[in-house]
Amino acid sequence: MNQLLEVNDLVTSFRTAEGKLSAVRGVSFSVDKGETLCIVGESGCGKSITTLSVMGLLPSNGEISRGSIQFSGEELTTKNEEELRKLRGNEISMIFQEPMTALNPVFTIGYQLREPLMIHKRLSKREATQKAITLLDQVGIPHPVSKLKQFPHELSGGMRQRVMIAMALACNPSLLIADEPTTALDVTIQAQILDLIDDLKADLGMGVVMVTHDMGVVAEVADRVMVMYAGEVVEVGTVTEIFEAPKHPYTRGLLASVPNIDDPDHSMEAIPGSLPNLSEEIQGCRFHPRCPFAMDKCMEMEPPLFELSSEHQSKCWLQEVKHYDKQSATSS
Amino acid sequence: MLGLIVRRLLQLVLLLFGISFLVFMSMHLAPGDPASIIGGPTATESDLAAIREELGLNRPVLTQYVDYIAGVLHGDLGYSFQNNQSVSSAIMTRFPQTFNLAIASMIVAILIGVPAGIISATKQNSWFDVSSTTVALAGISIPNFWLGAMLILIFSVQLQWLPVGGLSAPFWTIEGMKQLILPAITLGTASAAMIARMSRSTMLEVIRADYIRTARAKGVRKRAVTWVHALRNAMIPVITVIGLNFGFLLGGTIITEQVFAINGVGRLMIDAIAARDFPVVQGTVLLVATLFVVVNLIVDIVYAVIDPRISYD
Ligand SMILES: Nc1ncnc2c1ncn2[C@@H]1O[C@H](COP(=O)(O)OP(=O)(O)O)[C@@H](O)[C@H]1O
Ligand SMILES: [Mg+2]
């Protein structure tokens, strides 16, 4: 079986002063071995919470209130903390956005790299040190032996992110989740890190979930793309389908807001308006208040995910017409 | 690091000059004449003049100060007005009691304060958290002498488990430890409470840090996340509080020594102030100031050991 991760109808909510609010509202997706799925969407649309749900690392006021998460055929939502802990850093690894704060400032790079190896693979300190040197070398860090004794603040942001990647890959996980791994880095370093993840993915045959709000990153690394808006999946498709034939108005908006290098005057046509609050109930399609194509129906009824091809789906009433056209065309 | 130590020692010398000057002046300018205390109520004016002559108190104050400092620089802290004992030997015989009391109280404060604060933070709003924060608030508010008196009433008078006072036996004997328990709790409680509050609040901040999530994402065991990854970071501000509390504790020994009839430096100082025994007052004040600076130097060194981002060079 090729399927690594299958998330079905995931709902994640938070206990807040305003009551129980859902940040992820019925999200489904899957990742195959050796495949990169990009999750894109504006900041605050629920990308991180979706991935943290998979890791079982939600903030203390958050919980998975519905849905299933299957990893290599095992259900994760019913596992207890200790069972999840044994998977984390071992079978499923995660890289975070802020390389400046994601490493513990008071422990050496060596200590932090040895940790997953000693915990999951039960290596001795000496074996773990050897492996740590190999890992640092693998992620392109020069002079790995001396780096082991250094502390995070002695390294640049790009180097720290490489250390994070080395740490995440230490136990050869089958799934790597990267939450905006390059957002905090400058452009050249960003490209290097993305290349590195791509190379390692090919070498190790991992599945990768890459969270980003940057369509440029998507174009570079994605096999498939999942677009999220306000806690929901609004469009999924292969990278070609999403870039060449985006169907959801929100996806088109995201693509249009990518700065165009060839034509700097025509850039940043950002989507007007902003994300609704978690507490804001919206009737019909959650995007309709910002949608330039909103119809009466959009304000009344929530659209289903329309199948456009075997891999391409869009949650928008605009597809309904085309959908029936196609159906009647095939039936006649 | 060496630079830090040298700098601190230079600061200490300046500080001691300043403190000795202030204490010297305030002792001489404050009402109360040592000669009349030594001479007693029956002494005549000429008796007093003779006593002043003998103690050198009839010279100008500044001359006396300069003489005193010259002596201190040669390691001579002068002689008690009351019994002519050398001040350094008086301090030497009293100091171990005070030192043991202060260290024992600090240990009590740290051993109770740090774990209580950490557990409170990891179980925020649990019954443990609520009761320990309440006890901590009480611990800060309760006056030393009252707590000491209560402990004596319960454990020494009622239950007769522990001695009422004194600190004569060496601390490594069972008897010595029994003598040390109540004074150490009396003196350490307020510090334990302050350390617990500080540990709790810094820990609450640290467990929300990104690197804690990273540790969990690596599969580090929950206990190691708290007591290794978080604790080491949370301890950085707590160590400042511990250092400050040591000064606070030194002050507290004065009252605690009175309550438990311990012949320490605190009692020596109080008696000397009452008797206007200038050299003894000076000597004890200089000792406390030196201790305070040394403790803060140790705190700075511990800082650099715990936090690799700190470098003193
Ligand atoms: N601990 C929390 N309590 C309440 N709401 C939260 C919490 N963490 C995140 N949220 C909310 O969940 C939504 C999704 O957040 P997130 O997944 O971090 O967005 P992003 O797509 O930028 O990664 C946001 O509206 C955010 O405010
Ligand atoms: Mg995010």
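Residues numbered from 1 in each chain as written. Chains lettered and ligands numbered in written order. Predicted model: local features only at pLDDT ≥ 70, side-chain atom pairs only at ≥ 80, totals over all residues. Heavy atoms only, no water.

Student: Would you mind showing me how to read the overall build of chain A here?
Tutor: Broken down by element type, chain A carries 12 helices and 12 strands. By the compact-globule yardstick of 20 Å for 332 residues, chain A fits well, its C-alpha radius of gyration being 21 Å. The principal-axis extent of the C-alpha atoms belonging to chain A is close to 70 × 50 × 45 Å. Counting over 332 residues, chain A shows a buried share of 52%. Counted over contacts in chain A with a minimum sequence separation of 6, partners at least 24 positions apart contribute 63%. Of the accessible surface of chain A, which amounts to about 14,700 Å², a share of 51% is contributed by carbon and sulfur atoms. (Helix = DSSP H or I, 4+ residues; strand = E, 2+ residues; numbered from the N terminus. Rg over C-alpha atoms; globule rule 2.2 N^0.38 Å. Buried < 20%, exposed > 50% of the residue type's maximum accessible area, 1.4 Å probe, protein only. Contact = heavy atoms within 4.5 Å. Areas by Shrake-Rupley, 256 points an atom, 1.4 Å probe, with all protein chains shown as cover.)

Student: Would you mind showing me how to read the overall build of chain B here?
Tutor: When helices and strands are tallied, chain B shows 12 helices and zero strands. Scanning chain B from its N terminus toward the C terminus, one meets helices and strands in the order α-α-α-α-α-α-α-α-α-α-α-α. When the backbone C-alpha atoms are referred to their principal axes, chain B occupies close to 85 × 55 × 35 Å. When the 313 residues of chain B are sorted by exposure, 46% land in the buried category. Sequence-distant contacts in chain B: of pairs separated by 6 or more residues, those separated by 24 or more amount to 74%. When the accessible surface of chain B is split by element, carbon and sulfur atoms take 70% of a total near 15,700 Å². One finds the centroid of the 20 positive side-chain charges in chain B at a distance of 23 Å from the centroid of its 17 negative side-chain charges. (Lys, Arg positive; Asp, Glu negative; His and termini not counted. Charge placed at Lys NZ, Arg CZ, Asp CG, Glu CD.)

Student: Where do I start with the pattern of salt bridges in this structure?
Tutor: Two side chains of opposite charge can pair, provided their charged atoms sit close to one another. All names here are of chain A. All told, the structure shown has 22 salt bridges over all chains when counted by the stated rule. Across the salt bridge formed by R290 and E42, the nearest N and O atoms sit 3.0 Å from each other. Taken as a pair, R290 in the loop between α10 (249–256) and α11 (296–300) and E42 in the loop between β3 (36–40) and α1 (47–55) lie far apart in primary sequence, 248 residues in all. Across the pair R224 and E311 runs a salt bridge, and its minimum N-O distance is 3.9 Å. Of this pair, R224 sits in strand β9 (residues 224–229) while E311 is found in the loop between β11 (306–307) and β12 (313–314), placing the two residues 87 residues apart along the sequence. Using a relative accessible area of 11% as the deciding quantity, one classes R224 as buried. Connected via shared salt-bridge partners are E35, R224 and E311. (Salt bridge = Lys/Arg side-chain N within 4 Å of Asp/Glu carboxyl O.)

Student: Would you take a moment to explain the domain arrangement of chain A for this structure?
Tutor: One frequently used descriptor of interface size is the decrease in accessible area upon assembly of the parts. All names here are of chain A. What the domain assignment reports for chain A is domain 1 (3–91 + 175–192 + 200–284) and domain 2 (101–172). The straight-line distance from the C-alpha centre of domain 1 to that of domain 2 is 27 Å. Listed per partner, the contact involves 13 residues of domain 1 and 15 residues of domain 2. Interface of domain 1 and domain 2: buried area, both sides summed, is about 1,100 Å²; carbon and sulfur atoms make up 60% of it. On the surface where domain 1 and domain 2 come into contact, there are four residue pairs in polar contact (both at pLDDT 80 or more). (Domains from an automatic or database assignment. Buried area = accessible area lost by both parts, 1.4 Å probe. Polar contact = N/O pair within 3.5 Å; in protein donor to acceptor, adjacent residues only side chain to side chain.)

Student: Where do I start with the site of ligand 1 in this structure?
Tutor: Residues and elements named next belong to chain A. Among the 14 residues in the neighbourhood of ligand 1, the closest are listed as G44, K47, S48, I49 and N61. N61 is positioned such that a nitrogen or oxygen atom in its side chain is 2.9 Å from a nitrogen atom of ligand 1. When isolated, ligand 1 has an accessible area of 560 Å², and the protein chains bury 69% of it. Counting residues per element, the ones that place at least two in the shell around ligand 1 are β1 (3–16) and α1. Counting residues per element, the shell around ligand 1 draws most heavily on α1, at three residues. Residues that form the shell around ligand 1 fall into these classes: six nonpolar, six polar and two charged. (Near = heavy atom within 4 Å. Nonpolar A, V, L, I, M, F, W, Y, C, P; charged D, E, K, R; others polar.)

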